Structure formats: C-alpha cells, structure tokens
Amino acid sequence: MVACPDSRPPAYQAAIGFARESRLQSLVTGFYDRGGVLSLARSIGSIDHRLARRRIDGLDPGLVRSLPSFDLFLGLENRLSSPARGRVARLRTSMFDRDLRRVIRRDRPDVALMFSDVASEFSLPECRKSGLPTLLSMVHGDVREEVEVLAREREISPDFFGMYLSDGPIATDDLRWLHERRLQDIQIADHVMVPSDHIASRLANHGLPRRKIHVIPYAADTRRFVPRPGKVHRETCNFLFAGGISQRKGLKYLLEAWRRIRRPGWTLSLLGALPRDRSALEPYRDEVEFLGRVGHSDMPAQMAEADVFVFPSLFEGSAVVTYEALACGLPSIVTAEAGSVVRDGLDGYLVPSANIESLANQMERLGNDPSLRASMARSARQRAEEFDWPRYHRSLLDLADRVA
C-alpha cells in the first residue's frame, strides 16, 4: 500500500514501480482523476492545475482508493487566513489519517509505505499495534534543522523572513504542530526512507538508529528532460532558478550574489509562482527576470534554454527540480540542504547555505568559463541518467522486500 494525498512524483512513482511488478495492492490518495468530468473541465481550462495532474497513465483505476475530502478542505484552507486556516489544515490531515486507518484495517497489506505527515495520529499506531511493517517516506528535512534555520533567518534576513514559505507569515502554532507530527512519524515507523545523505546524517545525529534509515534519492524523467540539441556555450550566460519563490529556497542570498556578479550578457531568471506579498522583491525587480509559473508540459524546454542552474535552498528534502536540471545538461550550483546528487567540481558546485560570497564566486566562475560549462553539462546529463525513475523503482522494491 502506498499512501499520499497528493501527486508528488516520489509517491506516484512508487505506485508505478510496485504496479509494474504486480506488487501494488492500493494507492490511497486524495482526489484522483478517473476521467469523465475532470477530463472535460481540463479541456476547457477550468480546472486547478494541481488537480489536472492527478492521474497515472496505465494504472488500473481499481487500485486507487480516493479520499477527495482532503482536497475539498485544502481548497477551503487556501481561502482562509490564520487561525482558521490552521484549524482546517489539522482537520483535513486528521480526516485523511482516520480514513487511511480504515483502509488499512480492511485491506491488510504486507507493507504500508506512507508519506510524511499523513499517518502520525491513527494509521502508523494502528500498524504498530497490529504488527504491520511500515516504511515512512520522509520528503522533507529534519524538522529540528528547520527550527535552527528559522531562528537564524528571523535574525539575519528579517526583510525576507515574511516570505519564508512564500504564501504569508508563518503561523508558529501550526508549524509546531506540523513539526510534532513529523517527529512522531519517524519514531513510530519501522523504517524511514530519506532522499539524501544530508538528511540521514541529521537524523542519526539526533539519535535515530542507522538501521532504520535508508537513503533512496529521487530522480528525473530523463526522456522528457533532455539537453537542447546543438547547444553551444558562449560568453553570454543565463542562470536559472526554478521552484517556490521563497526564502526557504535561499532567495535573498541568490539575489544578493547576483548583484555582485551581474554584467551585460548575463541574466538571472526565476521560474516559479510569485508570493502574494512581493515587497521584499521590489528592490530587485529590474535586475532579474521573473518568469512566473510555467506549465508542466513547458518545463523541460524552458529549463533546457538555460546555461547554469542555481538552487541555494536552506531546507529541503531532495528537490526533484535539481535532478531535472541535471537531465537538461545544466551545470548546477546547489547546497547540501537541497538534497541534490550533484558532485562538487564535476556536475557543478556545492556551496554552503546562506553564504553570499561562496554562491557569487561559483556563479562567476561558471559564467566566465564557457568551456567549463560545456564539460560540466556533459557530466550533468550522465549523472542524471544514473538517477532515473526506473532506478528509484528498483531501490524501492528491494527495500520493501527487506522491510517485509
């Protein structure tokens, strides 16, 4: 059983990998597109873009247990402000958890693979009580690290702290509730799957037994994300950031690094939805290109046009976009916190988080050296091919067998 209320790639890919080996009993999720009304709504452009991707081509719909109340409450939540928003978030999470427990009791899978946040209160304790092996897929970093990041950012970047999550001020009580659930997850689950060595080390340092921790990196669709044919690296250079336009992604440090190195013929493009409150971005408005949100189908071509990918995240699980950038042949400048598989000096550079000088130096190095970019571009593509989704499927199947 795979349980995740949304369509994040690691969850859907887990379902695909198990289904291909006739090992999937059920995908328990939120809203799921079974065709019909949603297909019509999509064709006339009247459907939320996030729901329009809630479908796995080729997957037997009979394997999907859809709990759409999760998304109904999420839609309500997005229209509210604190504290009502937080109360609705807790309600939808608790309801999904209760419904998931009901499915577990009915279906009795051999192994339950649950994604973060959705099973802490009812489902994981139910599995523990009944002896059902559990595997937690931890899609975020260690929350104790985020507490440290928040304290630091509040002090040294107060102008950007309000957009740490991009969509408004942090509700402290709600964040504490989420952190407590996530800590409960890793304590109850039999095994914890993490996407990066950085997260594994943080968990181990906080006392989680190493035998419980399994590192399985994510992947990119290397058939969709490919380098631009005939690309030649020249004196001009387009740096690209893609993801949530938020301080959690290290945005202020990127903008300040850019100010130190920008010159004629170089551009910095930010790809992603802008936050509601953009006041912190105003001083940089004429210095960078804000591309906004790009459709899923347009993302590969947009990314392949760039020359260098920059992703200085402060707190992450393992951003799938970093794998996609490598697949497009982009030398990448990332932090360890980004959870990327970039090899320092081969496919790009690893830089310390929240370090403007180091980030600026490596951006300038790649911008000034087209031949270095070309060499790293080839290495980046080769690296991405080592981390495609079929490799993720195999690793997950092997782990599930060991857990069972």
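Everything discussed here concerns the structure shown above.
Just so you know, the residues in each chain are numbered from 1, in the order the chain's sequence is written. Selection of residues for local features in this predicted model requires a pLDDT of at least 70, selection of side-chain atom pairs for listing and counting requires 80 or more, and totals for whole chains, interfaces and linings are taken over all residues. As a rule here, side-chain values cover all heavy atoms of the structure and leave hydrogens and water aside.

Participant: If you had to explain the overall build of the protein to someone new, which residues and values would you point to?
Facilitator: Check the secondary structure of the protein and you find 15 helices and 13 strands. Taking 22 Å as the expected radius of gyration for a compact globule of 404 residues, we find that the protein reaches 21 Å, a close match to that expectation. When the backbone C-alpha atoms are referred to their principal axes, the protein occupies close to 65 × 50 × 45 Å. Accessible area is worked out with a 1.4 Å probe on protein chains only. A residue is then buried under 20% of its type maximum, exposed over 50%, and partly exposed in between. Classification of the 404 residues of the protein by burial places 55% in the buried group. Residues scored as positive are Lys and Arg, those scored as negative are Asp and Glu, and His as well as the terminal groups of each chain are ignored. Positions of charges follow a simple convention, taking NZ of Lys, CZ of Arg, CG of Asp or CD of Glu. Computed over 58 positive and 53 negative side-chain charges, the separation of the two mean positions in the protein equals 3 Å. Secondary structure elements are defined from DSSP: runs of H or I of at least 4 residues count as helices, runs of E of at least 2 residues count as strands, and each element is numbered from the N terminus. The atom set for the radius of gyration is the C-alpha atoms, and the globule formula is 2.2 Å times the number of residues raised to the power 0.38.

Participant: Tell me about the packing of aromatic side chains, and name the residues and values.
Facilitator: Two aromatic rings from Phe, Tyr or Trp, using only the six-membered ring of Trp, form a pair when their centres are within 6.5 Å; if the ring planes differ by under 30 degrees the pair is stacked, by over 60 it is edge-to-face, and anything between is tilted. Tallied over the entire structure, the rule returns 10 aromatic pairs. Each ring, one from Tyr-218 and one from Tyr-392, has its centre 6.2 Å from the other, and the planes form 70°; the classification is edge-to-face. With a gap of 174 residues between them, Tyr-218 in the loop between strand S7 (213–215) and strand S8 (237–242) and Tyr-392 in helix H15 (residues 389–403) connect regions that are remote in the sequence. For the pair shown, Tyr-218 and Tyr-392 are each scored as buried. Each member of the aromatic cluster is reached from another via a ring pair, and the members are Tyr-218, Trp-389 and Tyr-392. The rule is short: NZ of Lys or CZ of Arg within 6 Å of the ring centre and within 35 degrees of the ring normal puts a charge over the ring. Here the guanidinium or amino end of Arg-263 rests over the ring plane of Trp-266, the centre of that ring lying 4.1 Å away.

Participant: Hey, could you go over the pattern of salt bridges for me, with residue numbers and the actual values?
Facilitator: One side-chain nitrogen of Lys or Arg within 4 Å of one carboxyl oxygen of Asp or Glu is enough to make a salt bridge. For the structure on display, the rule yields 28 salt bridges. One salt bridge connects Arg-202 with Glu-148, and the closest N-O pair in it is separated by 3.2 Å. Of this pair, Arg-202 sits in helix H9 (residues 197–205) while Glu-148 sits in helix H6 (residues 143–156), and the two are 54 residues apart along the sequence. Residue Arg-202 is classed as buried on the basis of its relative accessible area, which comes to 19%.

Participant: An account of unusual backbone geometry is needed here, citing residue identities and associated values.
Facilitator: Look at Asp-117: it is not a glycine, yet its phi comes out positive at around 85°. With respect to the helices, strands and loops of the structure, Asp-117 is situated in the loop between strand S4 (112–115) and helix H5 (123–130). Classification of Asp-117 by relative accessible area gives buried; the value is 14%. The residue Ala-354 is not glycine, and still its phi comes out positive at about 60°. As for its placement among the helices and strands, Ala-354 is situated in the loop between strand S13 (348–350) and helix H13 (356–368).

Participant: Requested: an account of the sheet that holds strand S3 (residues 64–66), with residues and values cited.
Facilitator: The criterion for strand pairing is that DSSP finds at least two bridges linking the strands in question. Read across the open sheet, the seven strands follow the order S3-S2-S1-S4-S5-S6-S7; overall the sheet is parallel. Taken across any chain shown, the strands that pair with only one partner, and hence form the sheet edges, are S3 and S7. Where strand S1 (residues 2–3) lies against strand S2 (residues 27–29), two bridges are found, and the strand directions are parallel. Looking at S2, one finds that Ala-3 is bridged to Val-28.

Participant: An account of H15 is needed here, citing residue identities and associated values.
Facilitator: End to end, H15 covers 21 Å across 15 residues, agreeing with the expected 21 Å (1.5 Å per residue, within 8%). When H15 is considered as a whole, its buried residues turn out to be Trp-389, Arg-391, Tyr-392, His-393, Leu-396, Leu-397, Leu-399, Ala-400 and Val-403. Where the residues of H15 are buried, they touch helix H1 (9–20), S4, strand S5 (134–137), strand S6 (191–194) and S7. Here a polar contact means two N or O atoms within 3.5 Å. Within protein one must be a hydrogen donor candidate and the other an acceptor candidate, and residues neighboring in sequence count only if both atoms are side-chain atoms. For H15, the N-terminal cap is Asp-388; the gap from its side-chain oxygen to the backbone nitrogen of Arg-391 is 3.1 Å. Expected helix span is computed as 1.5 Å times (number of residues minus one). Residue contacts follow a heavy-atom distance rule, with two residues in contact if any of their heavy atoms lie within 4.5 Å.

Participant: Quick one: what's the story with the packing of H5 against helix H8 (residues 172–188), residue by residue and with numbers?
Facilitator: In contact at an axis separation of 10 Å, H5 and H8 are set at 15° when each is read in the N-to-C sense. If you check the angle between H5 and H8, you find them roughly parallel. For H5 against H8, the interelement crossing comes out left-handed. When H5 is examined against H8, the residues Leu-124, Pro-125 and Arg-128 are found in contact with a partner set consisting of Asp-185, Gln-187 and Ile-188. Per-class residue counts for the contact of H5 with H8 are three nonpolar, one polar and two charged. Between N-to-C directions, angles cover 0 to 180 degrees, with each direction set by a line fitted to C-alpha atoms, over the stretch in contact for helices. An angle below 35 degrees is read as roughly parallel, one above 145 as roughly antiparallel, one from 65 to 115 as roughly perpendicular, and any other as oblique. Crossings are assigned a handedness: left-handed for a near helix turned anticlockwise from the far helix by less than a right angle, right-handed for a clockwise turn. Asp, Glu, Lys and Arg are counted as charged, while Ala, Val, Leu, Ile, Met, Phe, Trp, Tyr, Cys and Pro are counted as nonpolar; the rest, among them Gly, fall into the polar class.

Participant: Break down the nonpolar core for me, citing the residues and quoting the values.
Facilitator: By size, the foremost hydrophobic cluster in this structure holds 86 residues, and its most contacted members are Met-303 and Met-363. Counting residues per element, this core draws most heavily on H15, at seven residues. Once you skip the residues sitting within four places of it in the chain, Met-303 turns out to touch Phe-225, Leu-240, Ala-242, Phe-309, Val-321, Glu-324, Ala-325, Cys-328 and Leu-330. Residues grouped as a nonpolar core are buried Ala, Val, Leu, Ile, Met, Phe, Trp, Tyr and Cys residues, joined through side-chain atoms within 4.5 Å. If you look at the next biggest cluster of nonpolar residues, it comprises 28 residues, including Met-1, Leu-124, Val-192 and Val-194.

Worth remembering: the numbers are spatial, not functional.
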